Number of protein chains: 2
Amino acid sequence: MTSTRSPLAPETFPALPDIAGVTRRVARAQYKNWDRCDLTYVELAPGTTVAGVFTRNVCCSSEVELGREQVKGGVGRALIVNAGNSNAFTGYRGREAVEQIMAQVADHLGCAQSEVFVSSTGVIGVPLPKDKARDGVAAALTAQPCSWEAAAETICTTDTFAKGSAASAIVGDRTVQVAGIVKGSGMIAPDMATMLGYIFTDAAVAPALLQEMLSEATGGSFNSITVDSDTSTSDTVLLFATGRAGNVPLTTRDDPGADALYAAIRAVSLDLAQQVVRDGEGASKFIEIQVSGAVSDHSAKRVALAIANSPLVKTAIAGEDANWGRVVMAVGKAGEPADRDKLAIRFGDHWVAKDGLPVDGYDEAPVAAHLKGLEIRVGADLGLGEGHATVWTCDLTHGYISINADYRS
Amino acid sequence: MTSTRSPLAPETFPALPDIAGVTRRVARAQYKNWDRCDLTYVELAPGTTVAGVFTRNVCCSSEVELGREQVKGGVGRALIVNAGNSNAFTGYRGREAVEQIMAQVADHLGCAQSEVFVSSTGVIGVPLPKDKARDGVAAALTAQPCSWEAAAETICTTDTFAKGSAASAIVGDRTVQVAGIVKGSGMIAPDMATMLGYIFTDAAVAPALLQEMLSEATGGSFNSITVDSDTSTSDTVLLFATGRAGNVPLTTRDDPGADALYAAIRAVSLDLAQQVVRDGEGASKFIEIQVSGAVSDHSAKRVALAIANSPLVKTAIAGEDANWGRVVMAVGKAGEPADRDKLAIRFGDHWVAKDGLPVDGYDEAPVAAHLKGLEIRVGADLGLGEGHATVWTCDLTHGYISINADYRS
C-alpha cells in the first residue's frame, strides 16, 4: 500500500465476522524488493462451492484463463493471491508458474489442482518467479492464521487503504455471514489497475445458484464502477460458499432465504466496489451518476458509463464547476437513443436543465455548494422510457497524472 | 486564441493560395467580452457546390441539424462562423438566431436561405444573442476581404495557433487548388472541444461526388484523430467547390483528374486533422498509432482508437515510459478479435513484445530514446489478418487537467 490515504477512504477497516470454513494466512514471497507480506493463502473447508467473474479483456493472464475453466467445476479448496507481479503477457512461462502453485497447494491439502484458485497483480510482462512463489507458498501453508485486515492488506499493491465489507442474512433457521475483501484500483509504473475481489459465505449454496447470484450482483456493483475506462488483463471476483452454517443447501432462487442471501452478497459487492472507486487514482470526489428515462436499463447504463468515463465531465467535477454542457455532450455521444429536447440534467437535487434548455431562473449557488462536497451526484433524465441505471466513478485530477505519468522508467 | 503556443505547432501559418470564387471577411460581433474578431464570413461564387460531415452526437446544435439538411441541396453561397458561443442546447431560441443569420445573409446575396451555412463554437446553453449576431453579420458583409490567416484566427476559440493547409491537383488541362482552415481542440471553461473545418477548392465538382470525396477523406483524417475521446455537439467539416478553375465538371470517380483532386482533398484533410491533435489540450507529444494484422480495417481502427483513447497509454507516453503492458491492455479491451499469443508491440521501429512475450534480449535504451522525442509512434500487430489502420492522438498531461479543472466557475 502507498502511504497517503485517499481523502474518500472510510475511517477504519470494518469489523468482519469469522466465516466458518475460511482460514486466512499470509507470507512473504518477496516478489518485489519490499518489506511486507505479498502472498495470501485462504484455505476453504471441504465441500466449498465457488463462482467467479473475470475480465473480458482478451489479453488476459493465465490466472484468468485457468480460473474461468476452474469455476466450471464448482468446487474450491484454496485461494492464492500474489501481489507485485501480475504474471500477465508472460506466455507459457507464466502459465507454468501458476500450475506449480496449484500443484503445491493441492499436494498439501490432498485436493485436485483445479480446486486451487490463483490470482496475481502487479508488474506485467515478467513471468512470476517460480522459486519465490515456491518458497512463499511453503511459508504461507504453515503460517499462523491471520485477520481479515491482514489478508486485505496483503492483496493490495498501490491501494491507499485496505478494503473489506460484511453482511448477514437469515436462511431457513440459520444466520449466515458474508464477508469480502477487494484490492484496486491504485496503480503505478509499470503496474496496472487490476481489481481483485474475494467474497466468502458460510451458507451452503449449489455452484450454479452461486454463479447466478455473483453474476447478477456484479452487474450492479463491480461492473458499474469506472475509474479511467481502462480494463485490466487480470480483473477477477470470486465467491466461495463453505456450507458450514448448516442451512439446507440452496439450489434455486425460490428456496427460502435465497433472496436474503443474495441481498447480502449484493450489499457486500456494492460496498467493495464503491471502496475501489474511493481509492481511485488521484480521486478527490466520489461521484454517483444516475440515469433515468432511458429506453431500457441497458441503454441507461451505457449512457451513465459515457458520462462517468468522460474526461471533460470528470475534470469539471474536479474543478467544482457546474458544467452541465459536458454532461449533455456525454449523453449525446453514448450512441444510445436520446432526444436533446427532452433531456434534463441535475447536480445533487438541483435541476440545471430541462427539456433541452437551461431551467428558468437557474440559481447556481446551491449547485456550487453541492459540488464543493466530497460526494457528488449527477442525474440525467432522458425522458424517453423507464430504463434507469446508477454507476459510480471518481474525478480526474492532477493526482491521476502524477501517479501515471510523473516518473521515468 | 490563447497565448502559449503548443510545443507541437508548426513554426508559421502556411502560405495558402487564393481560391477563385472564395472571399473571406471578418468582423467583431463581441459574443464575448474580448478584443478580437469573432465572426467570419466567407462568400462563395454562384454555382458553388457543397458537401458536409457532422458530429454524430445526438445532442447536436441547431447549426448542425440545419447544416445536415442544407448539404442535401448541394449548393452553398455563404458561410458564417461564430466564435465564443456554441449556441448548443439552447432550444428554439438558438434555432431562431441561426435562422436570422441565414435570412440576413441570403437577403444580402439574393440567394436562398438554405445556401447559407452557419457554425458556432464556444459556451453552450446560452442562446446566440440575436442583436450581436445581426450587427456582427452586417459588419462582416461589408468588410474588406481578408487573408486566410485572419479567417483561420477568427474561427479559433482557445486554440493556441491558427491552422491552415493547401494542396493542388491537375484536373484535365487545369490546375485546381484546395485550401482549408480548421479550429480545435482547445477548450476552456465552460466551452467544449468543438472542431470546425472548412475546405475550399476552385474545381468544378458535382455535389454527390464532392460528398463522396469528403466522407471518404474524413474517415482517414478527421475521424481518425482523438484528443480525449469526447465528441462535441457541434463538430462540422464543410467542403465547398466554386468551379471557377474552369475544368470540365467532375461527376464520377472515373472522370480524369478525380483521383488527383481526391488526393489533394485527402492531404489537406489529414494535415488539418493532425494540426488539431498538435493543439490538443496540454499536449506535449504527437502520437501516431499504427495497428496491423487485424481481421479487417474496421477492426484495426477500433483497436487503434482503444489505444489512442486509453488514459493509461497516454499518461505513460507523457511520462516517456515504455509501458507496453498498457498497450496490451488497451488492445485486449477494444472488444475486437485479438490473440494474446500472436500480439506484437513496438515503439518507433523497436519491437518490445512479440508472440505474446517480451522480445528476447529486449534493449530499452533505443525505445527510451524514441520516447524522449516530440513525435511518438506506437505499433501493434495482431497477427490475425490484413486489416490495418492509423490514428493520431496526443499525450495526457497535467496541462489537460489544468485547462479543464483548474478553475472555479
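What you see is a predicted model; the values in this text were computed from it and never measured.

### Some thoughts on the sheet that holds strand β13 (residues 357-358) of chain B
Residues and elements named next belong to chain B.
Phase 1: With mixed pairing, six strands are arranged side by side in an open sheet as β13-β12-β11-β14-β10-β15. Strands at the two margins of the open sheet, each flanked by one partner only, are β13 and β15 (387-394).
Phase 2: The pairing of strand β10 (residues 286-294) with strand β14 (residues 375-381) spans seven bridges and is classified as parallel. Bridge pairing in β14 links Gln 290 to Gly 379.
Phase 3: Those strands touched by helix α9 (residues 324-333) are β11 (344-347), β12 (350-354), β13 and β14, and its axis lies near 130° from that of β11.

### Quick notes on the domain arrangement of chain A
All names here are of chain A.
Phase 1: For chain A, the assigned domains read domain 1 (22-278) and domain 2 (286-405).
Phase 2: The centre of domain 1, based on its C-alpha atoms, is set 33 Å off from the matching centre of domain 2.
Phase 3: At the boundary of domain 1 and domain 2, one finds one salt bridge.
Phase 4: The closest approach of N and O atoms between Glu 375 and Arg 278, which form a salt bridge, is 2.8 Å.
Phase 5: Run the count over domain 1 and domain 2 and you get five residue pairs in polar contact (both at pLDDT 80 or more).

### Overview of helix α2 (residues 91-109) of chain B
Phase 1: Over its 19 residues, α2 of chain B extends 28 Å from the first C-alpha to the last, a length consistent with the 27 Å expected when each residue adds 1.5 Å.
Phase 2: Regarding α2 of chain B, the residues found buried are Gly 91, Gly 94, Ala 97, Val 98, Gln 100, Ile 101, Met 102, Gln 104, Val 105, Ala 106 and Leu 109 of chain B.
Phase 3: For α2 of chain B, the elements touching its buried residues are β13 (357-358) of chain A together with β2 (39-44), α1 (62-70), β4 (78-85), β5 (116-123) and α3 (130-141) of chain B.
Phase 4: The positive-phi residue at the C-terminal boundary of α2 of chain B is Gly 110 of chain B, with phi of around 70°.

### Some thoughts on the interface of chain B and chain A
Interface size is commonly expressed as the accessible area that is lost once the parts come together.
Phase 1: Every contact between the two is made by 65 residues of chain B and, on the other side, 65 residues of chain A.
Phase 2: Roughly 5,200 Å² of surface becomes buried between chain B and chain A when both sides are summed, with 59% attributable to carbon and sulfur atoms.
Phase 3: The largest per-residue losses of area from chain B upon contact with chain A belong to Phe 89, Arg 340 and His 398 of chain B, which jointly make up 16% of the total buried on that side.
Phase 4: At the junction of chain B with chain A, the criterion picks out two salt bridges.
Phase 5: When the shortest N-O distance is used, the salt bridge between Arg 340 of chain B and Glu 65 of chain A registers 3.2 Å.

The rules we used
- Residues numbered from 1 in each chain as written.
- Chains lettered and ligands numbered in written order.
- Predicted model: local features only at pLDDT ≥ 70, side-chain atom pairs only at ≥ 80, totals over all residues.
- Heavy atoms only, no water.
- Pairing = 2+ DSSP bridges.
- Helix = DSSP H or I, 4+ residues; strand = E, 2+ residues; numbered from the N terminus.
- Contact = heavy atoms within 4.5 Å.
- Axes fitted to C-alpha atoms, helices over the stretch in contact; angles between N-to-C directions.
- Domains from an automatic or database assignment.
- Salt bridge = Lys/Arg side-chain N within 4 Å of Asp/Glu carboxyl O.
- Polar contact = N/O pair within 3.5 Å; in protein donor to acceptor, adjacent residues only side chain to side chain.
- Expected span 1.5 Å × (residues − 1).
- Buried < 20%, exposed > 50% of the residue type's maximum accessible area, 1.4 Å probe, protein only.
- Buried area = accessible area lost by both parts, 1.4 Å probe.

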